Amino acid sequence: MKRSATKRVDLSGGSARCRIRLLAAPRSFAVRAGALAAALGHGACSSTPTGPPPPPPAVGSLATEVVATGLDRPLYLTAPPGDSRLFIVEQTGAIRIVAADGNLRGTPFLDLAGRIAGGGERGLLGLAFHPDYVSNGFFYVNYTDTNGDTVVERYTASGDPDVAAPGSATPILAVPQPFANHNGGQLAFGPDGMLYVFMGDGGGAGDPFSTGQDPTDLLGSILRLDVDGGDPYAIPPDNPFVDVAGARGEVWAIGLRNPWRAWFDVPGGMLYVADVGQSQREEVNAVGIAEAGVNYGWNVLEGTLCFAEEGCDASGTEAPVLEYSHADGCSITGGVVYRGTLLPELVGHYFYSDFCSGFLRSFRLQGGVAVEGQEWNVGGLGSVTSFGADAAGEMYVTSAEGRVYRIVPGG
Ligand SMILES: [Ca+2]
Ligand SMILES: [Ca+2]
């Protein structure tokens, strides 16, 4: 079951990879990464422009159904494997359940309000159920504690399927946070059974401590932990920095600013990571699920633009598959690859939004290129904080205004 990761780390800076990709999304919102790269002088990676963009797929309209209202800053939704309930994460500390009958339970599954620092980008930020939750009852949360530092803890189900055991807290990981913002927060199990932790650069502005490109700390990174192989975890021996002097073995990828939502699309074999930009670009990245040591670019790059210095050397960095400028938003909200049954023509399409503009957009990957970019008019979604999927693969959107929507076929 376990995949062996392919190492592709090169700290010496040699053997630069050429990963700039063209975008061929048909709508005007899609920034053409290849054209940008060429303009920026990434000549070694310049690509031949493609022909006319493909026609958009024959897909009808989409609509929303309100699943829950009155929540306190919901920012994630997930479910254990095979479970018909919805588990909604509130930034203020509670995990709420929408039961199989569609009703929001009054009693939280778990309430961590007393353990967290709330407000801004802090709070309860992530939740992941163990792949064997049905048998072991384990689930994992990511929050900023009362000191403002990142904590990952494991909790355990109780005899009541709708209420977890609050005293079951088991520390997994603690990461000091130098500033209040850019705490990342996503947790997800990969198909390899490892727990991935998505870390922001620690905050401030512009990555003042240069954590993005530094594998000797846990910030600005994706971490990969074997929570079944050690107490509280083991470092997988095929992690890319295990044998690099000074580097942290937990690090799986570097170069992230604030990865706000990531998604393992197992059928498509890709990991999607949306990274929030500084002041110009918002981006979506997609890499092979087993690709170790990816450098997502920050703070050498913001999207495909040089950030830290002009005329930067972008070699060895992963170019986004899609980016947009701040003319279209301010902070990307990464989403999910749709794998449900309500929208059969959109299976395999990745959906995303922006916290400021609240659009609903999608694309799919074709040969590593984002194609069939579309914007969907589903009415106002408010300030979109996250996407999520239930156990059947249906897609949901959470809004800071306290609502959770299911995306359904339009009328
Ligand atoms: Ca780092
Ligand atoms: Ca990047």
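Everything discussed here concerns the structure shown above.
Residues numbered from 1 in each chain as written. Chains lettered and ligands numbered in written order. Predicted model: local features only at pLDDT ≥ 70, side-chain atom pairs only at ≥ 80, totals over all residues.

Visitor: Whenever I open this one, the overall build of the protein confuses me. Can you help?
Guide: When helices and strands are counted, the protein shows two helices and 27 strands. Scored against the burial criterion, the 411 residues of the protein give a buried share of 51%. Partitioning the intrachain contacts of the protein with sequence separation of at least 6 by distance along the chain shows that 58% fall at a separation of at least 24. (Helix = DSSP H or I, 4+ residues; strand = E, 2+ residues; numbered from the N terminus. Buried ≥ 20, exposed ≤ 12 C-beta atoms within 10 Å, placed from the backbone. Contact = placed C-beta atoms within 7 Å.)

Visitor: What is the right way to look at the pairing of strand β6 (residues 124–129) in this model?
Guide: Side-chain direction in a regular strand flips from residue to residue, so the side chains alternate between the two faces of the sheet. Most of β6 is tucked away, with six of its six residues classed as buried. Both β6 and strand β7 (residues 138–144) contribute to a ladder of five bridges, which runs antiparallel. Bridge assignment links A128 to a residue of β7, and that residue is Y140. (Pairing = 2+ DSSP bridges.)

Visitor: What is the right way to look at the pairing of strand β14 (residues 259–265) in this model?
Guide: Buried residues dominate β14, accounting for five of its seven residues. Relative to strand β15 (residues 270–275), β14 runs antiparallel, the two being bridged by five bridges. Paired with W263 across the two strands is Y272, which belongs to β15. Hairpin remark: β14 followed by β15, antiparallel, with four residues in the connecting loop; positive phi at G269, about 70°.

Visitor: Please clarify how the nonpolar core should be interpreted in this entry.
Guide: Note on soluble globular proteins: their nonpolar side chains tend to be buried together. V197 and Y272 are the most contacted members of the largest nonpolar core, which totals 105 residues. Once residues within four sequence positions are removed from consideration, V197 is found in contact with N142, V152, L173, L187, L223 and L225. (Core = buried A, V, L, I, M, F, W, Y, C linked by C-beta atoms within 7 Å.)

Visitor: Please explain the sheet that holds β6 as it appears in this structure.
Guide: Adjacent strands of a sheet form backbone hydrogen bonds with each other and so pair up, either parallel or antiparallel. With antiparallel pairing, the four strands of this open sheet are ordered in space as β6-β7-β8-β9. Looking at which strands have only one partner, the edges of the open sheet turn out to be β6 and β9 (164–175). Pairs of neighbouring strands in the sheet enclose a mean axial angle of 25°, with direction left out of account. Sheet analysis places strand β8 (residues 150–157) next to β9, joined by seven bridges and oriented antiparallel. Directly across from E153, in β9, lies its bridge partner P171. (Axes fitted to C-alpha atoms, helices over the stretch in contact; angles between N-to-C directions.)

Visitor: For this particular structure, what's the right way to read unusual backbone geometry?
Guide: For residues other than glycine, phi is negative in most cases, and the peptide bonds are mostly trans. Residue P232 is reached from D231 by a cis peptide bond, and omega for that bond is 5°. W298 connects to N299 through a cis peptide bond whose omega is 0°. Along the chain, the position of N299 falls in the loop between β17 (294–295) and β18 (301–302). A positive phi angle is found at D207, which is not glycine, with a value near 60°. Positionally, D207 belongs in the loop between β11 (195–198) and β12 (221–225). The exposure class assigned to D207 is buried, which follows from the 25 C-beta atoms found within 10 Å. With phi around 60°, E372 is a residue other than glycine that occupies positive phi space. By the secondary structure assignment, E372 is in strand β24 (residues 369–376). Overall, E372 belongs to the buried group, with 21 C-beta atoms counted inside 10 Å.

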